[in-house]
Amino acid sequence: MTPPEPTPSTVQRSEVRLVSSPARPAGLLVHGVHVLDPRTGLDGLHDVLVRDGEIAEIGVAGTLSSPAGVELVDGTGRHLFPGFVDPHVHLRTPGQEYKEDLETGTRAAAAGGYCALVGMPNTDPVIDSAPVLGALFDAAARDARVPVGFMPCITRGQQGHELTEMAELRAMGAAGFTDDGRPVVDAGVMRRALQYQRLCGGVLALHEEDPALSHTGAMHEGELSALLGVAGIPSVSESTMVARDCALAGYEGGRIHVQHLSALESVAAVAAAKARGVQVTCEASPHHLTMTDEDVRSLDTRRKMNPPLRSAADREAIVEGLRSGVIDCIATDHAPHARDEKEVPFEQAPMGTTGLETAFAVVYTALVVPGALTLSLVVEKMTAGLGLLGLLVPQIAVGEPANLVLVDLAAEWVVGESGYESRSDNCAFADRRLQGKVLLTVAAGAVAYRERSIMLSAA
Amino acid sequence: MKHLLSIEDLDREAIERILDRAAAFAEVSDRDIKKVPALRGRTVLNLFYEASTRTRSSFELAAKRLSADVVNFASSGSSVEKGESLKDTVLTLTAHSPDAIVIRSPYAGAAALVAGWTPASVINAGDGKHEHPTQALLDVHTLRQKLGSLDGRSIWIVGDVAHSRVARSNILAFQKMGAHVTVCGPPTLMPRGIEALGCTVRYDLDDLREADVVYALRMQNERMDQAFVPSLREYAAQYQINGRRLGPRQVLMHPGPVNRGVELSGEVVDSPQAVITMQVKAGVVVRMAVLFEVLAGAGGRTSRTAPRPTEPQLA
C-alpha cells in the first residue's frame, strides 16, 4: 500500500516571525545624503523622507521639504544604506543573560546599523521546543529594540540524535533550523532533517566541523599552533563536513546554509556544490574576512573562536569568495562571553567574539578602504543574510518599511573606547582604530539607534 | 630581565649570561654550607597546577640556596579545588607581595597571563604544551659542560614532539646556541608545521648516527589510550634508544622521569653516555641563575642588600 501523499493543508504554514518591542514609527527627512542601495540601484545624493515608519519619498538632493512633525537629519557628507541584517547571532537568552540578553543584544545590533537579526538556539535550555520558542517571541516583544527571529535546533537538546518537532516550530514562526555551536555529526540524522524539510520548510543552517578532526583543538592548525604548542583545528575538519552536507543536500534536494566559512577548501566545496545546482548558500564573518591566526600569536582569548582564525591564504579565499559570489552574505556570529570566562588561559577559554557593533567598520576599514572590495558589494552582503532564509531584504524604495542605516564613512573611532552596548566586551577588534561610524539606525520603521553627536531638529 | 616566560623571548647573549652565572653558582652547590645571601629577604612563590616533583623541588632548592623565602602552593588541597580562578588565585597570592612567582600550568600562555596580573617577576615552569624554558636552559648548560660549545653540533630530539613543551623550548634554545636540530618521532605525534621552527623532521632513526646528542622525550602512557601509536611495543621497536642504536661518542639526554624499556633501554640509561643526572644537578644552579637574573640581574630589579619594603615595586 502506498502511503497517501501528504497534502499541504495538513501543515499549518505561517509566516516566519521577526519580533520587536513596540516603538513609535519614525518621521524623518534625511537630506543631502549619499544613498547607496545595490538592489534598487540608487547611488547618489538624495533626500529621503520617512513618514509613519515608511519610506514616503525619495527625491534629488535639495528637492524635498519636510512636513510638520518630521525630524530633519543632515545627511551631508554621509551615506544612507539599507539596514544591515544578521542571520547568525547569539543573544544568550534564555539562561545566559549574564553574557547578553535580548535588550543588550539588540541594542548592540542597532548601534552597529542592524535592522534585523536571527538568534541561535544554543542557549540554556536550548531552543528545541514550542514553549521555549514561544517564550522567546514574548520576550522579544518586550525587550528587542530591532526585530529578531529565532532558529530552533535541528536535533532535540542539540544532541544530534533525534529531530525536533520541526513542523510545529516552523508553524510558530521559526526562521529555520540549526544546531549552531555544534555540527550534526551523524550523516543519517542530517539526511533525515533534509527529508523532513520537505514537510516543514525552513533552511538548515549548518555549523560544519568534524569533531573527530577538530578534537581538543583551540586554534587553526598550522605553523603557529606548532610553535605555541596549542592543539590545532585543521581546515579539513570544516571542509570535509561542508562537502558531505552539500552532497546530502544535493541528493535529497534540500536547502542548506553553511555558517561561518573559514577555510579555503570550504569555499571550494561550496563553489563546486553551487555549480552542480545544490541549493546551498553560505556566510562569512568579519573576523574571518580580516584576521588570520597571526592575530592569535599573543593568545588573546578574545580572538579564540570556532571556526578559528586561519591562514592568510584562507582569509584571501574568503574575501575572494565574497567577491565572486560564492559567499552570499556577511554574518557576525556575535558571541558574547562574560569577562571572567575569557580571562583564563587560551585553551580553557570559550569560543567566540562579539561583532555586531564593529562589523561594518571592520570590513569597511580592512577591505573597502584599501580597495579589496567595493562599498556596494559590502552593503549588498551585509543586507543579504535574512533574504537567504526567505525573510527580510531591506530596500530603499518608496512604500518600503524604513530599514535604514546612516553612516559617516570618514569618521574614525577606536573599538571599545566608549565601552560597548553589548553586555560583554570580548571583542576581537578591541583597541583597533576603525573608519566608518554608524550615526543612526532605523529598524522596522522606528529609530533604534542614534549616535550622541547626531543632532536632529524638528522642522 | 623582569620575567622568564619563554625561550622565544631570549637571545643567545641572554642565554649565555644566565648560564655563565649558573656556572658561578655551581660552586655553591659543592660547599658544605650550600647557601649565599644573594636573595635574602626575597619571597619566591611556587604555584604548581600540575604534579611535579623535580621541577618544583629544584626551584625550591635554588631559591633556598640564594637565601630567599619559599612558599609552595599546589592546586590540590587549595582554594583552586574550591573553584577559584587562576586570576583570583594570583591576585590573592600577590597580596602577600611575592617577589617572584614560579608557575606550572597545564595551559599554554598561562605564565604570560600571570605576568599581566601581578607586579612580581614570573618564571614559567611549564605552560601546557608550549614551553619549559628553565628545562631548555639546564639542558644547554649540561651540554656546554659536556661539549664546550653547541656550535655546529647535531642534536636529535626523539619521541612525542606534539605533546612536549620540552621539545619546543629545546628546539629553540639549541638552535639559538648554534646547533642543528632534528626532531624524530611517530608521524602521529609530530605537530603539523613544526619545521617552521627551523628544525629537520624525520620519522625513523636510520640516520641517528649523525647526531652528536640524542635527546629522548618521555612517552606518556595516556597517549596510548588516545591511540597515537599502535602499541608501546611497536613504539619501542621503532624509536627506543638502546645499546644497538646509541653510538659510543653520542651524548644521551632525557628530561625525566624515564620509562625504562620504552623510550630508553635500561642499559643506555646506565651508560656513561647518559647525562641524565647531570641535567638534574644543572637544574638547581640554572634555576638559581634564573631567579637571580629576574630578581637582581641586569634590567631587572637592582640588587640590594637592605631589606626591601613590604610593598612590591614594579621594575
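A. Examining the overall build of chain B more closely. Within chain B, the regular secondary structure consists of 10 helices and 9 strands. Scaling as 2.2 N^0.38, a compact globule of 315 residues should have a C-alpha radius of gyration of about 20 Å, and chain B matches this with 20 Å. Projected onto the principal axes, the alpha-carbon positions of chain B cover approximately 60 × 45 × 35 Å. Across chain B, every contact between residues at least 6 apart in sequence was considered, and the portion connecting residues at least 24 apart equals 73%.

B. How the structure looks around the sheet that holds strand β7 (residues 114-119) of chain A. All names here are of chain A. Spatially, the 3 strands line up as an open sheet ordered β6-β7-β8, and their pairing is parallel. Two strands close off the open sheet at either side, each with one partner strand: β6 (84-89) and β8 (148-150). When strand polarity is set aside, the average angle formed by the axes of neighbouring strands in this sheet is 15°. Of the strand pairs in this sheet, β7 and β8 are connected by 3 bridges, and their pairing is parallel. Opposite glycine 119, over in β8, you have phenylalanine 150 as the bridge partner.

C. The domain arrangement of chain B, seen in detail. Residues and elements named next belong to chain B. Once the domains are mapped, chain B shows domain 1 (7-131 + 283-296) and domain 2 (133-278). Contributions of two or more residues to the side of domain 1 that touches domain 2 are made by α1 (12-29), β4 (121-127) and α10 (276-296). A class-by-class count of the residues in the side of domain 1 that touches domain 2 yields 9 nonpolar, 5 polar and 8 charged.

D. Layout of unusual backbone geometry. Residue and element names in this part refer to chain A. Residues aspartate 124 and proline 125 are joined by a peptide bond in cis, for which omega reads 5°. With respect to the element layout, proline 125 can be found in the loop between β7 and α2 (130-143). Between asparagine 306 and proline 307 the backbone carries a cis peptide bond, its omega angle lying at 0°. Phi is positive for histidine 215, close to 50°, though the residue is something other than glycine. Note on placement: histidine 215 falls in the loop between α5 (211-214) and β11 (219-220). Positive phi values are uncommon outside glycine, yet alanine 444 reaches one of about 50°.

E. Structural context of the sheet that holds strand β10 (residues 204-206) of chain A. Residue and element names in this part refer to chain A. Read from one edge to the other, the open sheet built from 5 strands follows the order β9-β10-β13-β14-β15, with strand pairing classed as parallel. Edge positions in the sheet fall to β9 (177-178) and β15 (329-330), since each of these pairs with one other strand and no more. Alignment of β9 against β10, held across 2 bridges, turns out to be parallel. Across the sheet, residue phenylalanine 177 finds its bridge partner in β10, namely leucine 204.

F. Representation of the environment of glutamate 417 of chain A. Its place among the elements puts glutamate 417 of chain A in the loop between β16 (404-414) and β17 (433-443). Owing to 9 C-beta atoms within 10 Å, glutamate 417 of chain A belongs among the exposed residues under this scheme.

Reading the values: the criteria
Residues numbered from 1 in each chain as written. Chains lettered and ligands numbered in written order. Predicted model: local features only at pLDDT ≥ 70, side-chain atom pairs only at ≥ 80, totals over all residues. Helix = DSSP H or I, 4+ residues; strand = E, 2+ residues; numbered from the N terminus. Rg over C-alpha atoms; globule rule 2.2 N^0.38 Å. Contact = placed C-beta atoms within 7 Å. Pairing = 2+ DSSP bridges. Axes fitted to C-alpha atoms, helices over the stretch in contact; angles between N-to-C directions. Domains from an automatic or database assignment. Nonpolar A, V, L, I, M, F, W, Y, C, P; charged D, E, K, R; others polar. Buried ≥ 20, exposed ≤ 12 C-beta atoms within 10 Å, placed from the backbone.

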